[in-house]
Protein chains: 2
Amino acid sequence: MLEPRLIDHLKTIVGAENVATDRQDLLCYGYDATQMEFLPDAVVHPGSPEEIAAILKLANAEQFPVFPRGAGSGFTGGALPKGGGIVLVTTRLNRILRIDTENLVAEVEPGVVTEQFQQAVEKLGLFYPPDPASLKFSTIGGNVAENAGGPRAVKYGVTRDFVMGLEVVLPTGEIIRTGGETYKGVVGYDLTRLLVGSEGTLGVITKIIFKLLPLPEAKKTMLTIFDSIDGAARAVSTIIGNKIIPTTLEFMDHATLQCVDRRFNLGLPAAARAVLLIEVDGDRDLIEKQAARVHEVVKPLGLVEFKVAKDAAESEQLWKVRRLVSPSLRDVNPTKYNEDIVVPRSRVPDVIRRIDAIATRHGIPIVNFGHAGDGNIHVNVMVDKEIPGMDEKAHAAIEEIFRAALELGGTMSGEHGVGLAKQPYIPLELSPVQIATMQSVKKALDPNGILNPGKMFPV
Amino acid sequence: MLEPRLIDHLKTIVGAENVATDRQDLLCYGYDATQMEFLPDAVVHPGSPEEIAAILKLANAEQFPVFPRGAGSGFTGGALPKGGGIVLVTTRLNRILRIDTENLVAEVEPGVVTEQFQQAVEKLGLFYPPDPASLKFSTIGGNVAENAGGPRAVKYGVTRDFVMGLEVVLPTGEIIRTGGETYKGVVGYDLTRLLVGSEGTLGVITKIIFKLLPLPEAKKTMLTIFDSIDGAARAVSTIIGNKIIPTTLEFMDHATLQCVDRRFNLGLPAAARAVLLIEVDGDRDLIEKQAARVHEVVKPLGLVEFKVAKDAAESEQLWKVRRLVSPSLRDVNPTKYNEDIVVPRSRVPDVIRRIDAIATRHGIPIVNFGHAGDGNIHVNVMVDKEIPGMDEKAHAAIEEIFRAALELGGTMSGEHGVGLAKQPYIPLELSPVQIATMQSVKKALDPNGILNPGKMFPV
């Protein structure tokens, strides 16, 4: 429990109205998109980097833990105050500071909602590609802390690829800048990318300098249905082998299609075993040519159906099957464990086959969809906790899925991070020396273990 | 001086034939592309990561410094054994281990020469874009250690953007893997990118997993001559504003053009004040369209001449003016200090004007060319050391140039790194807290200060 004098001290830093200790406030900031919940001692809403610095200096002097949080939309509990301490919410820092249309650079505060930032730059003819599924509510600071991805990563890369520089309050309360205004820059260590994806354990991000691109002139959506998962997988390699890198290559497996069709009666062809939703963007003439070429090269691969959208409305219609996946899942079972393994692109059919076998063996429905272009698959293990033993079986299945991904040269997480949820599995992926090296980096930046302690690495 | 028993011990690790202590060998590995020279106590050529690990363990136990080195083509002395110790040469690790054409991934050892790697992947229809000027002799491991760039960075990014994973011998002699086979991956801290650009101070790279791209179908070269530097700079923003991101946007200033024309009689138009050499690549139809559009949009910007290459031979002809720059410089003065500042794209004319003023004030010829698309300018301060006081003036000028770049929101180095050459200037760019943070990261990974000690940061 945080002593009352420390609560008072926090109030002098950020103003009494920005410190909450009511149970209902604590509850609100004690959960995220996982099933986990932990009550903090207080929730603090600082209004500036200097206030965050003062909070962290106090935390170091008085030895209490601080858990930075954006919108709390994370899937792995990275912002949860396990063990108590204060939740430091960055949503008051929510200004887009500038969008430089000449240098294609923007500077923003961490509390800006991702979609709002995207819309702001698009109005100026610019483009910020990363598009995590949470973009309507997640904050851009959280995206940077988790190195968020999304469907467009196959062509454009992940959040990391757009971060040029940061302002960060270090765990000790010092404010530093990392990187800068220029994309090239090799003076000193790359602290910028060390911070990206560090899940709020190495610093509190207070400003971000993003690289932007020109907004593509047009885009074209195609829905392709295959009679086998192998056909869909070969389509991915064949398209890229033909020098076409689509913006998105979204994949849905048979279980996913059954799920959506059962609920929404889309009337998918009976032979449908896998769907690829393909989008290309860029020059108007080029994407017409690419769409025709995609059709031509995927035809021999067990293609059941090929639809290409003529306009934005038709494109929206094609995306419908993908957007209906999440609402359909609830029909399968009430609880969803949403993992996001990655395997090398060519191993997608192998890993799907292994997951199907794991699902059968444990008698648990598992639904797979995701980003086929970069091998990042969302594995949804669907559980009814009312059925005795099912939750335990699900956890056994998840560990087997992680092992399968790792055996095939992949990773346990492409976008969601480690947080608390994947912490127990870390030794499957990282060696003791890798873990020790990361722990020594953490210790170097946070000698008192103040910032988001007990996260990421096994303790 | 390294004791004879340690030399003997090194011989038992790598074999006697792979340890050199003759003065002529020591001389060969004591210099690089800078003017600096330091004699090591021994030069060691290990043949495997395990041998490197054994060397570093011995170095920790016996407290002697180790300086990793690729081809020694660096411009900042990053591989030089200042203070003595051993030079650890990675050129025996020179195999391309695999090129995976399905997943567009390659795994290579650090001693592979960059151009050989590029040619190997291009034979298979793939593309590794980073193209530092040294690519015919620099090793890919050195490119990673320095985060090498090159003309194509404006479209494709720098070496960092292609490194997916590493095998590294840590300063303590432990071998770890970082990153992996997949582009997405967020388990643990991004040690991969912490290592990229760390200039051999945080680990010895023994394997690199690279991301590759499909080789573009075609390319098109344009030579554009402007009557002012501002016209050339506005051309850069205008082209990008028209949603065309060229592969290269190489820029040469008036001093550079005079230099080349004086030596090689190219017959450049009298009104020529700046040249942009522009290349676009990709789909054959698209680049035709882009070349026409480039011509159209740069016309009103003081265009003196526009030439577009019809074929590879004509393209080579247009590149000639750029390739002749280096050989022409020697006519100006015998010694060249080659800096590589970066400013935001829009500030290129400002910084060139400031550099011209600095040149005039000190009476020293300064010739500027480089990568206008990303604001990375090679500033060549040309000195005759026989003229008393000129070298001192040059160093004063260089410091002023760095200050100008920083004032305009830039950095002292986009590609060359810090090494020994820029070490004295580090406090101009990095704050004491930034430096301390980087030093603590170094200390965490290299507690005994064995690997490339005394580099990068002021000691």
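Further up the page is the structure itself.
Summarised in this report is the structure supplied together with it. This is a predicted model, so every value here is computed, not measured.

Rules and cut-offs
Residues numbered from 1 in each chain as written. Chains lettered and ligands numbered in written order. Predicted model: local features only at pLDDT ≥ 70, side-chain atom pairs only at ≥ 80, totals over all residues. Heavy atoms only, no water. Least-squares fit on C-alpha atoms with pLDDT ≥ 70 in both. Contact = heavy atoms within 4.5 Å. Salt bridge = Lys/Arg side-chain N within 4 Å of Asp/Glu carboxyl O. Buried < 20%, exposed > 50% of the residue type's maximum accessible area, 1.4 Å probe, protein only. Buried area = accessible area lost by both parts, 1.4 Å probe. Helix = DSSP H or I, 4+ residues; strand = E, 2+ residues; numbered from the N terminus. Pairing = 2+ DSSP bridges. Axes fitted to C-alpha atoms, helices over the stretch in contact; angles between N-to-C directions. Parallel < 35°, antiparallel > 145°, perpendicular 65-115°, else oblique. Left-handed = near helix turned anticlockwise from the far one by under 90°. Phe/Tyr/Trp six-rings, centres within 6.5 Å; stacked < 30°, edge-to-face > 60°. Lys NZ or Arg CZ within 6 Å of the ring centre and 35° of its normal.

## Some thoughts on the relation of the copies chain B and chain A
The two chain copies are connected by a rotation around an axis plus a translation along it. The two copies are related by a screw motion: chain B maps onto chain A through a turn of 180° and a shift of 0.0 Å along the axis, at an RMSD of 0.0 Å. Expressed as a symmetry operation, the mapping of one chain copy onto the other fits a two-fold axis. When the interface residues of chain B are mapped onto chain A, 100% of them again fall at the interface, so both copies present the same face.

## Examining the pattern of salt bridges
All names here are of chain A. Applying the stated criterion across every chain, the model contains 64 salt bridges over all chains. Put simply, glutamate 314 and lysine 310 hold a salt bridge, and the shortest N to O gap is 4.0 Å. Classification of glutamate 314 as partly exposed rests on a relative accessible area of 31%. Overall, lysine 310 belongs to the exposed group, its relative accessible area being 69%.

## Observations concerning the interface of chain B and chain A
Think of interface size as the accessible area that goes away when the parts come together; that is how it is often given. Contacts between chain B and chain A engage 81 residues on the former and 81 residues on the latter. Where chain B abuts chain A, roughly 6300 Å² becomes buried across the two surfaces, and 63% of that area is made up of carbon and sulfur atoms. Sorting the residues of chain B by area buried against chain A places Lys184, Val187 and Tyr189 of chain B first, and these three jointly supply 16% of that buried surface. In this assembly, chain B and chain A are joined by eight salt bridges.

## Considerations on unusual backbone geometry
Residue and element names in this part refer to chain A. For glutamate 199, which is not glycine, the phi torsion reads 55° and is therefore positive. Tracing the sequence through the fold places glutamate 199 in the loop between α7 (191-195) and β10 (204-211). Residue lysine 243 is not a glycine yet carries a positive backbone phi of 65°. In this structure, lysine 243 sits in the loop between α8 (229-241) and β13 (248-252). We classify lysine 243 as partly exposed; its relative accessible area is 37%.

## Considerations on the sheet that holds strand β5 (residues 96-100) of chain A
All names here are of chain A. Spatial ordering of the open sheet is given by β5-β6-β10-β8-β9, a layout of five strands whose pairing is antiparallel. A strand with exactly one partner marks an edge of an open sheet, and here the two such strands are β5 and β9 (175-179). Put simply, the sheet's adjacent strands are angled 10° from each other on average, direction ignored. Relative to β10, strand β8 (residues 163-169) runs antiparallel, the two being bridged by six bridges. Bridge assignment links leucine 166 to a residue of β10, and that residue is isoleucine 208. Against the sheet, helix α4 (residues 114-123) contacts β5, β6 (105-108) and β10, and its axis sits at roughly 35° relative to β5.

## So, the packing of helix α13 (residues 348-362) of chain B against helix α14 (residues 390-407) of chain B
Residue and element names in this part refer to chain B. In the contact formed by α13 and α14, the axes pass within 10 Å of each other and the chain directions differ by 160°. Between α13 and α14, the angle is such that the two are roughly antiparallel. The interaxial crossing formed by α13 with α14 has right-handed handedness. Contacts from Val351, Arg354, Ile355, Ile358, Arg361 and His362 of α13 reach α14 at Lys393, Ala396, Ala397, Glu400, Ile401, Ala404, Ala405 and Glu407.

## Let's talk about the packing of aromatic side chains
Counted under the stated rule, the structure contains 12 aromatic pairs over all chains. Joined through ring pairs, the aromatic side chains of Phe117, Tyr128, Phe162 and Phe210 of chain A make up one cluster. The positively charged end of arginine 160 of chain B is found above the aromatic ring belonging to tyrosine 183 of chain A, 5.1 Å away from the centroid. Lysine 211 of chain B extends its terminal NZ or CZ atom over the ring of phenylalanine 162 of chain B, reaching a point 6.0 Å from the ring centre.

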